Every structure is written in C-alpha cells, then in structure tokens.
Amino acid sequence: MKKAELIIDRQFVLSEIDKRLYGSFVEHLGRCVYEGIYQPGHRTADEHGFRQDVAALVRDLNVPVVRYPGGNFVSGYHWEDGVGPKEKRPLRPDLAWRTIESNQFGLDEFMDWTKQTDTAPMMAVNLGSRGIEDAKHLIEYTNLPGGTYYSDLRKKNGHAAPHNIRLWCLGNEMDGPWQEGHKTADEYGRLAEETGKAMRLLDPSIKTVACGSSHFYMPTFGEWEYTVLSHCYDQVDYISMHQYFANRDNDSQTFLANSDLMDQFIEAVISVCDAVKAKRHAGKKINISFDEWNVWYHSGEQDKAIEPWSQHPPLLEDVYNFEDALLVASSLITLLRHADRVKIACLAQLVNVIAPIMTSDTGAWKQTIYHPFALISNHGRGHVLHTLVNSPVFESCHGRDGKSAYIDAVVVENDDEDALTIFAVNKSLTDDIELSCDLRQYEGYQVSRHVLLHHEDLKAVNTQTAPDTVAPQEGSGSSSDGGRLSVVLGKQSFHMIQLRKM
Ligand code: AHR
C-alpha cells in the first residue's frame, strides 16, 4: 500500500485560526435571498419572513461572518431602496444579473437575519456606479447612534440601536471588465483610499477590504494588487481574493489538484502585499480576505436559457457532486494552512446560488459540499500547526513543478477541548494510502472520533428526494499505539480524525 506521513511539532504553531475563515456570502442574485433565506408566507417563515428551515441549516454550518449584498450586484445598488416601509420600496433593474430587484429585503432585514443565524455582517459598498458620498451615508445609517439625517432615518425605520457593522468591502471585483463601473488599478486605488478615509472618519473602529483580483489568471493580476495597495495601504486592512473552480473537461484528478492553484494564488498575493509593505517601510501587514471561493460551473448551460428581467430566477443553481465536496475540503485545508495571513474567507454563496444549502417551496436540504464545510467549520477552531505532508504525488498542471500531492492534510489544536484534529483528503482515485504521524509529544492522546466522507461515485449528488446520498459516516481503521497514529485513507475520501487526551 502507498504510504504518506504527517510531520508536526507541538511548538511549531503557525497561527491562531480567525473564525472568520469560515464565512459565507449572500448576494441579491437568483434565489439566494428571495426563496432562500427570505420567503414570507412559507410554512417555516417567521414574522420577518425568514425561513426557519434554512436558518437552522445556516446555524449548523456555523458561519461567523456573511458578506452582503454582493458581488456584482453591489456595483449598481442603491441601499436606500431597501430600507423603510416595504410598500414604498421601488422595483429596479439589476444590471449585474439582468433581473428585477424588488427591494423587499434590504439592509435592516439582513441585520435582523444575522442575529437570528448567529453570524455577523461583512458589508460591501458600491464603488461601481457610486462612490464616497454613498459610502458615507451608508455608514452614517448603520454605525452612528443618532442625531444626524441617516442615523435618525435608521431609528425611524425601527432600529433604535446602531448596527455597528465592523467589516467593510470597498466595492467588488473592480478589476473585472464585466463589473458596472469597472476601473483601472489607479482609479480604483485612489477611490478606495478616499472612501476608506471618509468611512474611518465617521467610524475609526471599522476594518476595510480592498478589491484584489477576480481570479489568479486575470491579465492584470499582480500589477493590480501592487498599484491598488500603493494607493490605499494606510486605509485598508485586507486585500480580497476570489477564485472559482471547474471540471469542464471531466478530468477529476486534475480538478482535485485545484487546491494547489489556490495555494499558489495565496502565496503570490502575500508576496505582493509584502513587496508594497517593504517599499513603504511599513510596520503594518495587509492580510487576506478570500471572500469568494467555491466550485462553479454546473449551472452554466441552464443559466443561458433564463430570460432576462424577471424577479429572482433560478440562476447559478449548481448541483454539487461528491468530487466537488472533496475539493471544498481540500480548499478549506489550504486556507487553514495559510491561517497566518488568510483571516477571512467566504464560501460563495450560502443558499441556492452556488451554495451548500438548497431550497424548494417544500423543503431545504444539504448539498454534498455542506458536509466538509460544516465539519471543518465546527471543529477547525483553535490554532493550526505547521503541517508537513510527505505524500506520493501525481502529474498536475496546478501543482508546483507539475506535481500535486495525493494527500492534503492539516492539523489543528483545539485549545479549549484538549483535542487535536486532523483534516485529510486522499485525492487518489485508485489507491488507498496509509497515513502515519508521530504523536509522542501528545502523550495520552487517543483517537476519539473519526468521520469519513466517501462515495464510490465521484458524480453522486444530494437531492431533495435523496438528501443523504453523500453524507458523513463513521470512519474506521485508525490506531494510535506507542505514540504513532496510523490510519488507512481510502481512495477518494475526506477524513476528520479527532484525538483527545484520555
Ligand atoms: O458569486 C457570484 C459572482 O461571482 C459574484 O457576484 C461576483 O463577485 C463573482 O464574479
């Protein structure tokens, strides 16, 4: 049997894990808001119209931050349309997705929903069709206690206390020619600087995210980050990264290697951030907000058939299969392996739109990708250890030197529970691999839980009528005798192995 080894040292802590690594994203797009989190009249809806079947699944996913309201949508959005009496809210065309926005759900509803789902907002301002003035009004509405026009308007709209939104995205994908109000790096960098400055004058406690590249292969990648940060370094705390993965050629082995692309992308962005830091002799570090990532390609053809200008049509409704779940697990492992610099990450998106949760009028269910996300989000808390993985490799265009490892793994120490958690994916489609790890520094630790996600069919999916086709099972075959952990990771599988001090 092929063998792999995990090498850790109790002293070699990479970083505390920022819980916001397990964030998600709600955009006014398709059925994410309407028929997703909000559906007045639905049998599970509360007095606000919030679907309680969906809210329960969101709570179980344990997402500490949710980005809102876009996405491409934000670049043409007038947030004022979505506050105040619902009967007075206008219908507007949304240029990003060529749909009609009813504005029946807006900022105040979103804030109420975040409280119900134990999460926090990551709010984006429109730097596409609008600018500093709009951003100023918005933060005045959300964060000032009262005594000014917009803060009093919030009170009039039923929210006496300020929303106190701490985390702000300065626009969305401003490097993308598809974006309403697309800008050059110089234009955007200056605008981000001035907008960040104005927003911080109103509330110095906020943290801001500048737009980075929309994906690794954007023609402006690198130059974009360098120029943008050269302008707005002092006014921002994070730079964003976005990346979606696809298996259009039905080459599953190469598809699973995409976490290596994510890894190289992160390292490249860190290099650019640190180059700007060095040039400025700056003390401050810019960290990463990987605020859009997921698999996205299944819905491409069906979306072409959707007529424009309807309200919340079923756009981007990818039905995820088992191999997508493996890549989502590997992506989360990659984010954890960079927890020293990646402080925020958002699985895009949360409900119906390229999402872990799907709904119909008669129910809500978990897609395959829900499971690795929920396991890692709930148990990947504490601090990450530098985790060296010696693994057999395969040829891949995404890996360094044309090679990717079959085993992707990371080890997390869960401080408050005296537990050590290993997350591992075996990407081999043919071979089981025996994984071992020297644990003599963890005397008395024994395997207390082993959860396995596996399916023989890489293309297996969960549906409303068969929601548990791909679901976690109890894993087996691990031993931790004599200070050495040994476990057989079956082909195409994800594992969560927890050890506790007995
Ligand atoms: O998440 C879907 C879209 O992908 C977002 O609106 C946009 O930011 C990205 O291109």
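Residues numbered from 1 in each chain as written. Predicted model: local features only at pLDDT ≥ 70, side-chain atom pairs only at ≥ 80, totals over all residues. Heavy atoms only, no water.

(A) Here's a closer look at the pattern of salt bridges. On inspection of all chains with the given rule, the structure shows 31 salt bridges. Between Asp134 and Arg130 there is a salt bridge whose closest N-O contact spans 2.9 Å. The partner of Glu194 in a salt bridge is Lys197, and the shortest N-O contact between them spans 2.8 Å. Taken together, the positions of Glu194 and Lys197, both in helix α5 (residues 185–202) and three residues apart, correspond to about one turn of that helix. Judged by its relative accessible area of 36%, Lys197 is partly exposed. By sharing partners, the salt bridges in this structure join Arg190, Glu193, Glu194 and Lys197 into a single network. (Salt bridge = Lys/Arg side-chain N within 4 Å of Asp/Glu carboxyl O. Helix = DSSP H or I, 4+ residues; strand = E, 2+ residues; numbered from the N terminus. Buried < 20%, exposed > 50% of the residue type's maximum accessible area, 1.4 Å probe, protein only.)

(B) Quick peek at the site of the ligand. Of all residues adjacent to the ligand, which total 13 residues, the nearest are Glu27, Asn72, Glu173, Tyr244 and Glu292. Here Glu173 contributes a side-chain N or O atom positioned 2.7 Å from an oxygen atom of the ligand. Within the side chain of Gln349, a nitrogen or oxygen atom sits 3.0 Å from an oxygen atom of the ligand. Here the ligand has 280 Å² of accessible area as a free molecule, and 95% of this is covered by the chains. Its residues placed into classes, the shell around the ligand shows six nonpolar, four polar and three charged. (Near = heavy atom within 4 Å. Polar contact = N/O pair within 3.5 Å; in protein donor to acceptor, adjacent residues only side chain to side chain. Areas by Shrake-Rupley, 256 points an atom, 1.4 Å probe, with all protein chains shown as cover. Nonpolar A, V, L, I, M, F, W, Y, C, P; charged D, E, K, R; others polar.)

(C) Structural context of the environment of Met358. Take Met358: it is sitting in strand β13 (residues 357–360). For the pair Met358 and Leu499, spaced 141 residues apart in the sequence, the C-alpha separation amounts to 33 Å. When neighbours within four sequence positions are excluded, Met358 is seen to be in contact with Glu317, Asn352, Gly363, Ala364, Trp365 and Gln367. (Contact = heavy atoms within 4.5 Å.)

(D) Fine view of the packing of helix α3 (residues 132–143) against α5. Put simply, α3 and α5 touch, their axes get as near as 9 Å, and they point 25° apart. Taken together, the axes of α3 and α5 are roughly parallel relative to one another. The hand of the α3/α5 crossing is right-handed. Between α3, through Ile132, Ala135, Lys136 and Ile139, and α5, the contact on the second element is made entirely by Leu191, Glu194, Thr195, Ala198, Met199 and Leu202. Here the contact of α3 with α5 is composed, by residue class, of seven nonpolar, one polar and two charged. (Axes fitted to C-alpha atoms, helices over the stretch in contact; angles between N-to-C directions. Parallel < 35°, antiparallel > 145°, perpendicular 65-115°, else oblique. Left-handed = near helix turned anticlockwise from the far one by under 90°.)

(E) Summary view of α3. In a regular helix each residue adds 1.5 Å, so 12 residues correspond to 16 Å; α3 covers 16 Å between its end C-alpha atoms and thus fits that length. Within α3, the full set of buried residues consists of Asp134, Ala135, His137, Leu138, Ile139, Glu140, Tyr141, Thr142 and Asn143. (Expected span 1.5 Å × (residues − 1).)

(F) Region of interest: the nonpolar core. Core analysis: the largest hydrophobic core is formed by 130 residues, its most contacted members being Val26, Tyr188, Phe290, Trp293, Leu335 and Leu336. Considering each element in turn, this core owes the most residues, 10 residues, to helix α10 (residues 322–337). When residues are assigned to domains, this core turns out to be shared by domain 1 (2–9 + 385–501) and domain 2 (18–379), each giving three or more. Counting residues in hydrophobic clusters, the runner-up holds 24 residues, among them Ala409, Ile422, Leu435 and Leu499. (Core = buried A, V, L, I, M, F, W, Y, C linked by side-chain atoms within 4.5 Å. Domains from an automatic or database assignment.)

(G) Summary view of the sheet that holds strand β1 (residues 2–7). Strand order in the open sheet formed by five strands is β16-β1-β21-β25-β24, with mixed pairing between adjacent strands. In this open sheet, the two strands that pair with only one neighbour each are β16 (388–390) and β24 (478–481). On average, each strand axis in the sheet is inclined to that of its neighbour by 15°, with strand direction left out of account. (Pairing = 2+ DSSP bridges.)

(H) Geometry of the packing of aromatic side chains. If you walk through the whole model with that rule in mind, you get 21 aromatic pairs. Taking the centre distance of 5.1 Å and the plane angle of 40° together, the rings of Phe216 and Tyr217 count as tilted. Here the aromatic rings of Tyr442 and Tyr445 are separated by 5.2 Å at their centres, their planes lie at 85°, and the arrangement is edge-to-face. Judged by relative accessible area, Tyr445 falls into the buried class, the value being 6%. Taken together through their ring pairs, the aromatic side chains of Tyr34, Tyr38, Phe50, Tyr68, Phe105, Phe110 and Trp113 make up a single cluster. For the cation-ring pair, Arg67 lies above Phe25, with the distance from its terminal atom to the ring centre recorded as 4.7 Å. (Phe/Tyr/Trp six-rings, centres within 6.5 Å; stacked < 30°, edge-to-face > 60°. Lys NZ or Arg CZ within 6 Å of the ring centre and 35° of its normal.)

(I) Representation of unusual backbone geometry within the structure. In this structure, the amide linkage connecting Gly70 to the following residue, Gly71, adopts the cis form with an omega of 15°. Along the chain, Gly71 turns up in the loop between β4 (65–68) and β5 (92–94). The linkage connecting Ala348 with the following residue, Gln349, adopts the cis geometry, with an omega of -5°. Relative to the elements of secondary structure, Gln349 occurs in the loop between β12 (342–347) and β13.

(J) Quick look at the pairing of strand β11 (residues 287–295). Of all nine residues in β11, nine are buried, a share of seventy percent or more. One ladder, built from four bridges, connects β11 with β12; its direction is parallel. The residue of β12 that forms the bridge with Phe290 is Ala345.

(K) A look at helix α2 (residues 107–116). Counting buried positions along α2 yields seven of 10 residues, so the element is predominantly enclosed. Positive backbone phi, approximately 55°, marks Asp118, located one or two places after α2.

(L) Focus on the sheet that holds β4. Here we have eight strands rolled up into a closed barrel, ordered β3-β4-β7-β8-β9-β10-β11-β12, and parallel in their pairing. Within this sheet the neighbouring strands show an average axis-to-axis angle of 30°, counted without direction. Two elements, strand β7 (residues 120–125) and strand β8 (residues 167–170), share four bridges in a ladder whose sense is parallel. In the sheet register, Met123 faces β8, and the bridge partner there is Trp168. Taken strand by strand, α2 contacts β4 and β7, and its axis lies near 155° from that of β7. Sheet strands touched by α3: β7 and β8. Its angle to β8, the strand with the most contacts, is close to 165°.

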